[in-house]
Amino acid sequence: MSQRKFSEDKELLAIIERLEAMKAEGRTLYLDPEQYEDIVEYYILEKKKDRAHEVIASGLKIHPGNSRIIVLQIALYLEEAKVQEARDLVNEILHDNSL
């Protein structure tokens, strides 16, 4: 999704606002895996990579082993030149039959 499309997606921006409010209260918001993906992509485009990592962690708590969220984590590691972390996660996936 392009940055322009994100800025026009009022539903996504409302979800992000709710997610941020819940985070400030120390609570967790249940979202579908696809919503987590969109939020992570939004934060990456906004250059908020620390927040993207937090959302990935939250998404994986609710949806453990979700391959699409894990792929976003790998992509984010690679974008940050954290090649070893990405490689370790790929190896973990390859050796974990439950994913």
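Right above here is the structure, for reference.
Residues numbered from 1 in each chain as written. Predicted model: local features only at pLDDT ≥ 70, side-chain atom pairs only at ≥ 80, totals over all residues. Heavy atoms only, no water.

Caption draft 1: The overall build of the protein chain, seen in detail. The secondary structure content of the protein chain amounts to 6 helices and 0 strands. Ordering the α and β elements of the protein chain from the N terminus gives α-α-α-α-α-α. Looking at the 99 residues of the protein chain, the share that counts as buried comes to 34%. Partitioning the intrachain contacts of the protein chain with sequence separation of at least 6 by distance along the chain shows that 48% fall at a separation of at least 24. Roughly 6,400 Å² of accessible area belongs to the protein chain as shown, and the carbon and sulfur atoms make up 49% of that amount. (Helix = DSSP H or I, 4+ residues; strand = E, 2+ residues; numbered from the N terminus. Buried < 20%, exposed > 50% of the residue type's maximum accessible area, 1.4 Å probe, protein only. Contact = heavy atoms within 4.5 Å. Areas by Shrake-Rupley, 256 points an atom, 1.4 Å probe, with all protein chains shown as cover.)

Caption draft 2: Representation of the side chain of N66 in the model. Looking at the secondary structure, you find N66 in the loop between α4 (49-62) and α5 (67-79). Taking the relative accessible area as the measure of exposure, N66 reaches 18% and is therefore buried. Other than its neighbours up to four places away in sequence, N66 contacts P33 and L60.

Caption draft 3: Here's a closer look at the pattern of salt bridges. In this structure the tally under the stated criterion is 7 salt bridges. Of the charged contacts in the structure, one is a salt bridge between K49 and E79, with a shortest N-O distance of 3.3 Å. You can see K49 sitting in helix α4 and its partner E79 sitting in helix α5, a full 30 residues away along the chain. On the basis of relative accessible area, K49 is assigned to the partly exposed category, the value being 24%. The exposure class assigned to E79 is partly exposed, which follows from its relative accessible area of 43%. Three or more residues joined by partner-sharing salt bridges are found here, namely E20, K23, R51 and E54. (Salt bridge = Lys/Arg side-chain N within 4 Å of Asp/Glu carboxyl O.)

Caption draft 4: Quick peek at the nonpolar core. Counting residues in each nonpolar core, the largest one holds 25 residues, and the members touching the most others are L31, I39, V40, Y43 and V55. When contributions to this core are tallied by element, the ones reaching two or more residues are α2 (10-24), α3 (33-45), α4, α5 and α6 (83-95). (Core = buried A, V, L, I, M, F, W, Y, C linked by side-chain atoms within 4.5 Å.)

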